[in-house]
Amino acid sequence: QVQLVESGGGLVQTGGSLRLSCAASGGTFSTYSMAWFRQAPGKEREFVAAISGGSTYTFHADSVKGRATISRDDAKKTLYLQMNNLKPEDTAVYYCAAEPGWRRRINPAEYAYWGRGTQVTVSS
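Attention shifts here to the environment of Met83. Its location among the elements puts Met83 in strand β8 (residues 78-83). The exposure class assigned to Met83 is buried, which follows from its relative accessible area of 1%. In sequence terms Met83 and Leu18 are 65 residues apart; their C-alpha atoms lie 5.3 Å from each other. Contacts of Met83, omitting those with residues within four sequence positions, involve Gly16, Ser17, Leu18, Leu20, Arg38, Arg67, Ala68, Asp90 and Tyr94.

Turning our attention to the side chain of Arg67. With respect to the helices, strands and loops of the structure, Arg67 is situated in the loop between β6 (58-60) and β7 (68-73). On the basis of relative accessibility, which here comes to 11%, the residue Arg67 falls in the buried class. A distance of 3.0 Å separates a polar side-chain atom of Arg67 from the backbone oxygen of Ser63. Apart from the residues lying within four places of it in its own chain, the contact partners of Arg67 are Gln82, Met83, Asn84, Asn85, Leu86, Lys87 and Asp90.

Another aspect to go through is the state of the cysteines. All chains considered together, the criterion is met by 1 disulfide. Disulfide pairing places Cys22 opposite Cys96 at an S-S distance of 2.0 Å. Taking the sign of the S-S torsion, 50° for the link of Cys22 and Cys96, the bridge is right-handed. Highlighted residues: Cys22 in strand β3 (residues 18-25) and Cys96 in strand β9 (residues 92-100), separated in sequence by 74 residues.

Glancing now at the pattern of salt bridges. For the structure on display, the rule yields 6 salt bridges. With a shortest N-O distance of 2.8 Å, Arg38 and Asp90 are connected by a salt bridge. One end of the pair, Arg38, is in strand β4 (residues 32-39); the other, Asp90, is in the loop between β8 and β9, and 52 residues separate them in sequence. Linking Arg103 and Glu110 is a salt bridge whose minimum nitrogen-to-oxygen distance equals 3.1 Å.

Let us look at the side chain of Ser33. Take Ser33: it is sitting in strand β4. Ignoring sequence-local partners within four residues, the contact set of Ser33 consists of Ile51, Ser52, Arg72, Ala97, Ala98, Glu99, Gly101, Trp102, Arg103 and Tyr111.

One non-glycine residue with positive phi stands out, namely Ser55, at about 65°. For Ser55, the location among the structural elements is in the loop between β5 (46-51) and β6. If you check the backbone angles, Asn85 has positive phi at about 50° while not being a glycine. Relative to the helices and strands, Asn85 resides in the loop between β8 and β9.

Turning to the nonpolar core, a few remarks are in order. Judged by nonpolar contacts, the single largest core of 35 residues is most densely connected at Leu4, Met34, Trp36, Leu79, Leu81 and Tyr94. Mapped onto this core, the elements with two or more residues apiece are β3, β4, β5, β7, β8, β9 and β11 (118-123). The residues contacting Leu79, other than those within four sequence positions of it, are Leu20, Ser21, Cys22, Phe29, Met34, Ala35, Trp36, Ile51, Ile70, Ser71, Arg72 and Cys96.

One pass over the structure, following the stated rule, counts 8 aromatic pairs. Ring centres of Tyr95 and Trp114 lie 6.4 Å apart, and the angle between their planes is 75°; on these two criteria the pair is classed as edge-to-face. Within this pair, whereas Tyr95 is found in strand β9, its partner Trp114 is found in strand β10 (residues 113-114), the two being separated by 19 residues in sequence. Given a relative accessible area of 14%, Tyr95 falls into the buried group.

Rules of the game
Residues numbered from 1 in each chain as written. Predicted model: local features only at pLDDT ≥ 70, side-chain atom pairs only at ≥ 80, totals over all residues. Heavy atoms only, no water. Helix = DSSP H or I, 4+ residues; strand = E, 2+ residues; numbered from the N terminus. Buried < 20%, exposed > 50% of the residue type's maximum accessible area, 1.4 Å probe, protein only. Contact = heavy atoms within 4.5 Å. Polar contact = N/O pair within 3.5 Å; in protein donor to acceptor, adjacent residues only side chain to side chain. Disulfide = S-S within 2.5 Å. Salt bridge = Lys/Arg side-chain N within 4 Å of Asp/Glu carboxyl O. Core = buried A, V, L, I, M, F, W, Y, C linked by side-chain atoms within 4.5 Å. Phe/Tyr/Trp six-rings, centres within 6.5 Å; stacked < 30°, edge-to-face > 60°.

Next up, the structure:
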(Lines give C-alpha, C1' and ligand atoms only; values in the text may rest on other atoms or scores of the structure.)
Protein backbone atom coordinates (compact mmCIF):
# COMPACT_ATOMS: atom_id res chain seq x y z
CA GLN A 1 0.00 0.00 0.00
CA VAL A 2 2.92 2.35 0.76
CA GLN A 3 5.80 2.67 -1.69
CA LEU A 4 9.07 4.44 -0.87
CA VAL A 5 11.85 5.42 -3.28
CA GLU A 6 15.17 6.85 -2.07
CA SER A 7 17.45 9.13 -4.09
CA GLY A 8 20.36 11.52 -3.62
CA GLY A 9 23.13 9.10 -2.73
CA GLY A 10 26.54 9.22 -4.34
CA LEU A 11 30.27 9.58 -3.84
CA VAL A 12 31.52 12.41 -1.64
CA GLN A 13 34.81 13.31 0.01
CA THR A 14 35.33 13.32 3.75
CA GLY A 15 33.84 16.52 5.15
CA GLY A 16 31.36 16.89 2.30
CA SER A 17 27.57 16.97 2.35
CA LEU A 18 24.67 15.09 0.81
CA ARG A 19 20.91 15.47 0.91
CA LEU A 20 18.98 12.22 0.63
CA SER A 21 15.33 12.15 -0.39
CA CYS A 22 12.60 9.54 -0.05
CA ALA A 23 9.47 9.94 -2.17
CA ALA A 24 6.36 8.25 -0.79
CA SER A 25 3.14 7.16 -2.45
CA GLY A 26 0.05 5.44 -1.09
CA GLY A 27 -1.23 5.64 2.46
CA THR A 28 -1.68 8.90 4.34
CA PHE A 29 1.86 10.25 4.48
CA SER A 30 1.23 12.92 7.11
CA THR A 31 0.15 10.29 9.67
CA TYR A 32 3.17 8.01 9.19
CA SER A 33 6.30 8.02 11.28
CA MET A 34 9.30 8.03 8.96
CA ALA A 35 12.89 7.00 9.53
CA TRP A 36 16.29 6.56 7.93
CA PHE A 37 18.42 3.46 8.47
CA ARG A 38 21.76 2.49 6.97
CA GLN A 39 23.62 -0.75 6.38
CA ALA A 40 27.28 -1.25 5.53
CA PRO A 41 28.63 -4.52 4.10
CA GLY A 42 28.92 -7.19 6.79
CA LYS A 43 27.12 -5.07 9.38
CA GLU A 44 23.61 -4.97 10.80
CA ARG A 45 21.14 -2.37 9.66
CA GLU A 46 21.38 0.56 12.07
CA PHE A 47 19.09 3.41 12.98
CA VAL A 48 19.99 6.91 11.80
CA ALA A 49 17.01 9.20 12.51
CA ALA A 50 13.22 9.28 12.84
CA ILE A 51 10.52 11.93 12.51
CA SER A 52 6.83 11.99 13.40
CA GLY A 53 3.96 13.01 11.17
CA GLY A 54 3.75 16.77 11.06
CA SER A 55 7.41 16.97 12.20
CA THR A 56 6.39 17.34 15.85
CA TYR A 57 9.16 15.02 17.06
CA THR A 58 12.59 14.07 15.77
CA PHE A 59 15.17 11.63 17.05
CA HIS A 60 18.75 11.23 15.82
CA ALA A 61 21.26 8.51 16.57
CA ASP A 62 24.31 9.56 18.58
CA SER A 63 26.55 8.53 15.69
CA VAL A 64 25.14 11.29 13.46
CA LYS A 65 23.85 13.84 15.98
CA GLY A 66 25.07 17.29 15.02
CA ARG A 67 25.92 16.17 11.47
CA ALA A 68 22.57 14.90 10.15
CA THR A 69 19.09 16.41 10.16
CA ILE A 70 15.91 14.55 9.30
CA SER A 71 12.97 16.51 7.89
CA ARG A 72 9.80 15.98 5.89
CA ASP A 73 7.50 17.86 3.55
CA ASP A 74 4.05 16.37 4.01
CA ALA A 75 2.60 18.34 1.08
CA LYS A 76 5.22 16.77 -1.22
CA LYS A 77 5.08 13.39 0.54
CA THR A 78 8.86 13.45 0.78
CA LEU A 79 11.32 12.60 3.55
CA TYR A 80 14.82 14.12 3.67
CA LEU A 81 18.12 13.49 5.38
CA GLN A 82 20.65 16.32 5.23
CA MET A 83 24.11 14.99 6.05
CA ASN A 84 27.09 17.28 6.67
CA ASN A 85 30.72 16.71 7.62
CA LEU A 86 30.53 13.19 6.24
CA LYS A 87 33.00 10.58 7.42
CA PRO A 88 34.15 7.28 5.87
CA GLU A 89 32.17 5.42 8.53
CA ASP A 90 29.00 6.95 7.06
CA THR A 91 29.50 4.80 3.95
CA ALA A 92 26.46 2.53 3.63
CA VAL A 93 23.24 1.90 1.78
CA TYR A 94 20.67 4.28 3.23
CA TYR A 95 17.04 3.16 3.50
CA CYS A 96 13.89 5.06 4.33
CA ALA A 97 11.12 3.37 6.31
CA ALA A 98 7.54 4.12 7.33
CA GLU A 99 5.20 3.01 10.12
CA PRO A 100 1.67 4.24 10.94
CA GLY A 101 1.45 6.39 14.07
CA TRP A 102 4.28 7.66 16.23
CA ARG A 103 6.54 6.46 18.94
CA ARG A 104 10.31 6.37 19.10
CA ARG A 105 11.35 3.29 17.10
CA ILE A 106 14.97 2.39 16.43
CA ASN A 107 14.66 -1.28 15.50
CA PRO A 108 14.17 -2.08 11.79
CA ALA A 109 11.52 -4.67 12.71
CA GLU A 110 9.31 -1.86 14.02
CA TYR A 111 8.81 -0.42 10.50
CA ALA A 112 6.37 -1.95 8.05
CA TYR A 113 7.38 -0.25 4.79
CA TRP A 114 10.81 0.14 3.22
CA GLY A 115 12.47 1.61 0.17
CA ARG A 116 15.16 -0.22 -1.79
CA GLY A 117 17.99 2.03 -0.62
CA THR A 118 20.49 4.52 -2.04
CA GLN A 119 24.27 4.14 -1.81
CA VAL A 120 26.36 6.71 0.04
CA THR A 121 30.13 6.40 -0.28
CA VAL A 122 32.49 8.71 1.60
CA SER A 123 36.11 8.64 0.46
CA SER A 124 39.01 9.38 2.79
